[in-house]
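Topology and contacts: notes
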Amino acid sequence: MNFHHIGVATNNIELTIKHYNIFGYKQSTELFLDPIQNVYILFLEKPNSPCIELVAPVNQDSPILNILNKNGTTPYHFCFEVDDIVKEVDKLKKLKFVMVSKIVPDVAFNNRLVCF
């Protein structure tokens, strides 16, 4: 597994960008819609630092709202790249990791498969 990014849930992407700018992060993608996850996504980068994925709800049906309602803007996931997601999910389940979503294509990664 190779570390890829930290996911940050937010209700206000523009304000969150300004907060990360203070630490030297810069916007590295345009804002885009992920209709499968029902969220807006934007990436921030800083040399020699973890990539940050900002994730905001599209509407009141967005699953990210549960996290935001409970915690406000917060880091909520770490993303790792793997060669075989099905194999790695099976390994993690055996270690008692809990999957909170099915394996699905992700618009942010050219429809590569992801799982939470």
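This text gives an overview of the structure that appears in the document. (Residues numbered from 1 in each chain as written. Predicted model: local features only at pLDDT ≥ 70, side-chain atom pairs only at ≥ 80, totals over all residues. Heavy atoms only, no water.)

1. A few points about the environment of Thr 74
Applicable threshold: Helix numbering and strand numbering both begin at the N terminus, where a helix is a DSSP run of H or I of at least 4 residues and a strand a DSSP run of E of at least 2. Any two residues whose heavy atoms approach within 4.5 Å at even a single point are treated as in contact.
By the element assignment, Thr 74 lies in strand β6 (residues 74–81). When the C-alpha atoms of Thr 74 and Tyr 25 are compared, they prove to be 16 Å apart, with 49 residues separating the residues in sequence. Excluding residues within four positions of it along the chain, Thr 74 makes contact with Gly 7, Val 8, Ala 9 and Ile 67.

2. Some points on the nonpolar core
Here is the rule: Note on terminology: a nonpolar core comprises buried Ala, Val, Leu, Ile, Met, Phe, Trp, Tyr and Cys residues joined through side-chain atoms within 4.5 Å. The rule is simple: take the accessible area with a 1.4 Å probe, protein chains only, and divide by the maximum for that residue type; under 20% is buried, over 50% is exposed, in between is partly exposed.
Counting 12 residues, the largest nonpolar core is built from Ala 9, Val 39, Ile 41, Phe 43, Cys 51, Val 55, Ile 64, Leu 65, Leu 68, Ala 108, Phe 109 and Val 114. Counting residues per element, the ones that place at least two in this core are β4 (39–45), β5 (51–57) and α2 (64–71). Residues in contact with Phe 109, not counting those within four places in the same chain, are His 4, His 5, Phe 43 and Val 114. Core analysis: the next-biggest nonpolar cluster, separate from the first, contains 11 residues, Tyr 25, Leu 44, Ile 52 and Leu 54 among them.

3. Things to note about the packing of aromatic side chains
Just so we agree on the cut-off: When the centres of two rings from Phe, Tyr and Trp lie within 6.5 Å, Trp using its six-membered ring, the rings pair. Their planes under 30 degrees apart give stacked, over 60 give edge-to-face, and anything left gives tilted.
Under the defined criterion, the tally for this structure stands at 4 aromatic pairs. With a centroid separation of 6.4 Å and 50° between ring planes, the pair formed by Phe 3 and Phe 78 is classed as tilted. You can see Phe 3 sitting in strand β1 (residues 2–9) and its partner Phe 78 sitting in strand β6, a full 75 residues away along the chain. Arranged with centres 5.6 Å apart and planes meeting at 90°, the rings of Tyr 20 and Tyr 25 form a pair that is edge-to-face. With respect to burial, Tyr 20 and Tyr 25 carry one shared label: buried. Put simply, the rings of Phe 3, Phe 78 and Phe 80 touch in pairs and so form one group of aromatic residues.

4. A short note on the pattern of salt bridges
For clarity, the cut-off: Between Lys or Arg on one side and Asp or Glu on the other, a salt bridge is scored when a side-chain nitrogen of the former is within 4 Å of a carboxyl oxygen of the latter.
In total, this model carries 2 salt bridges according to the counting rule given. A salt bridge links Glu 81 to Arg 112; its shortest N-O distance comes to 2.9 Å. Placement of the pair is Glu 81 in strand β6 and Arg 112 in strand β8 (residues 112–114), with a sequence separation of 31 residues. Under the relative-accessibility criterion, Arg 112 is labelled partly exposed at 44%.

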